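Chain by chain, the residues:
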Amino acid sequence: MKTANQKIESPLLDEKEVTLHIKREDTIHPFVSGNKYRKLKYNLLEAQNQGQTTLLTFGGAFSNHIAAVACAGHEQGFKTIGVIRGEELEGNWEGNPTLELAHKHGMQFHFVSRNAYRDKNEPDFLQQLKDTFGKFYLLREGGTNELAVKGCAEILSEDDSTFDYICSSVGTGGTLAGLINSTQPHQTVLGVPALKGDFLKADISTFAQNERWQLVTDYHFGGYAKVTPELVQFINRFKKGTGIPLDPIYTGKLVFGIFELIKQDFFPKGTQILAIHTGGLQGITGMNQVLEQKKLPLLDV
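What counts and what doesn't
- Residues numbered from 1 in each chain as written.
- Predicted model: local features only at pLDDT ≥ 70, side-chain atom pairs only at ≥ 80, totals over all residues.
- Heavy atoms only, no water.
- UniProt positions renumbered as here; feature names shortened; annotations may be inferred.
- Helix = DSSP H or I, 4+ residues; strand = E, 2+ residues; numbered from the N terminus.
- Pairing = 2+ DSSP bridges.
- Axes fitted to C-alpha atoms, helices over the stretch in contact; angles between N-to-C directions.
- Contact = heavy atoms within 4.5 Å.
- Core = buried A, V, L, I, M, F, W, Y, C linked by side-chain atoms within 4.5 Å.
- Buried < 20%, exposed > 50% of the residue type's maximum accessible area, 1.4 Å probe, protein only.
- Right-handed = clockwise from strand over helix to strand, strands pointing away.

**A closer look at the UniProt feature "domain: Tryptophan synthase beta chain-like PALP" (unreviewed entry) in the protein**
Under the present numbering, the feature "domain: Tryptophan synthase beta chain-like PALP" (unreviewed entry) in UniProt falls on residues 12–279. Between the C-alpha atoms that bound residues 12–279 the distance is 25 Å, and the span itself is 40% helix and 17% strand.

The structure is reproduced here in structure tokens:
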């Protein structure tokens, strides 16, 4: 599936003599959009080939991945199980827009403590889940595996070979690895992690087939799912000026980072930049609930 590239107009871009396009992967599907669609595509085909009828995955209370697996599984006839971080949510999740969306599409929840959740990749913990739920097709947290990377490699098309930099937000690293593997020799992939730390390099290197990439770790705004009034104001201004909504967890931080790098002359004059919009817009409602509780500015919806 090929998605459109939308050119961004800005006095800063004109001043610095660089161009920026946004690849509108967010338009693929209302709920299974962006990289979630790409990551799930070949995994669902593999689950069908194996004769599996149940998908099991992991995520937090506002996880785009949880919502996407529930919706995609529902459309393709799978039963879905979400192992959710935070046992305090059990019996207390109504009103959470992400979990309500997943439940509406048939997902069964299994709430575990944060300590237990840390064991999500351990064989003993997975065996306990099999003993409880029976056979299932396992999707790791965030959905990254070789099949997910294969799907994300399809984000770029031949038309995108004119760009010098391909920029994407980074969660588990699968999307970035897929982009790295599908770039041309003259292109550089730039990743902006939504989490603190530089630990993602090893995970990305596991799947990346070349070294034409780098991470810029300065735009996480305090860590995963952390936002500031400055970021909210930027996202709202960007939507007003371009018509493009950005999610605050991933793509909002990515585009903010790109504009900061442009201000700093990171990109030479004449550079053509393509930023990947990885979707995640369903999370805006939940983020606004958090912002409202903290009496902070809200995201435009």
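**Observations concerning the sheet that holds strand E3 (residues 54–59)**
In any sheet, the strands associate via hydrogen bonds between backbone groups, in a parallel or an antiparallel arrangement. Strand order in the open sheet formed by four strands is E5-E4-E3-E6, with parallel pairing between adjacent strands. The open sheet has two free edges, formed respectively by strand E5 (108–112) and strand E6 (137–139), since each of these has just one partner strand. The sheet shows a mean angle of 20° between the axes of neighbouring strands, taken without regard to direction. Summarising the sheet, E3 and E6 pair through three bridges and their orientation is parallel. When the bridges of E6 are listed, Leu 56 appears paired with Leu 138. Across the face of the sheet, helix H3 (residues 64–76) comes into contact with E3, strand E4 (79–85) and E6 while running at roughly 165° to E3. Across the face of the sheet, helix H6 (residues 123–133) comes into contact with E3, E4, E5 and E6 while running at roughly 135° to E3.

**Description of the nonpolar core**
Ranked by internal contacts, the top residues of the largest apolar core, which has 38 residues, are Ile 8, Leu 20, Phe 234, Phe 238, Phe 259, Ile 262 and Phe 267. Mapped onto this core, the elements with two or more residues apiece are helix H1 (11–16), strand E2 (19–23), strand E7 (165–170), strand E8 (188–193), helix H10 (229–242), helix H11 (251–263), strand E10 (272–276) and helix H12 (284–293). Looking at this core, the element that brings in the most residues is H11, giving seven residues. With near-sequence residues (within four places) excluded, Phe 234 lies in contact with Leu 246, Gly 252, Val 255, Phe 256 and Phe 259.

**A closer look at the pairing of E7**
Counted residue by residue, E7 has six buried out of six residues, so it is predominantly covered. Across six bridges, E7 lies against E8 in parallel orientation. Across the sheet, Cys 167 pairs through a bridge with Leu 190, a residue of E8. For the segment spanning E7, helix H8 (residues 174–182) and E8, crossover handedness is right-handed.

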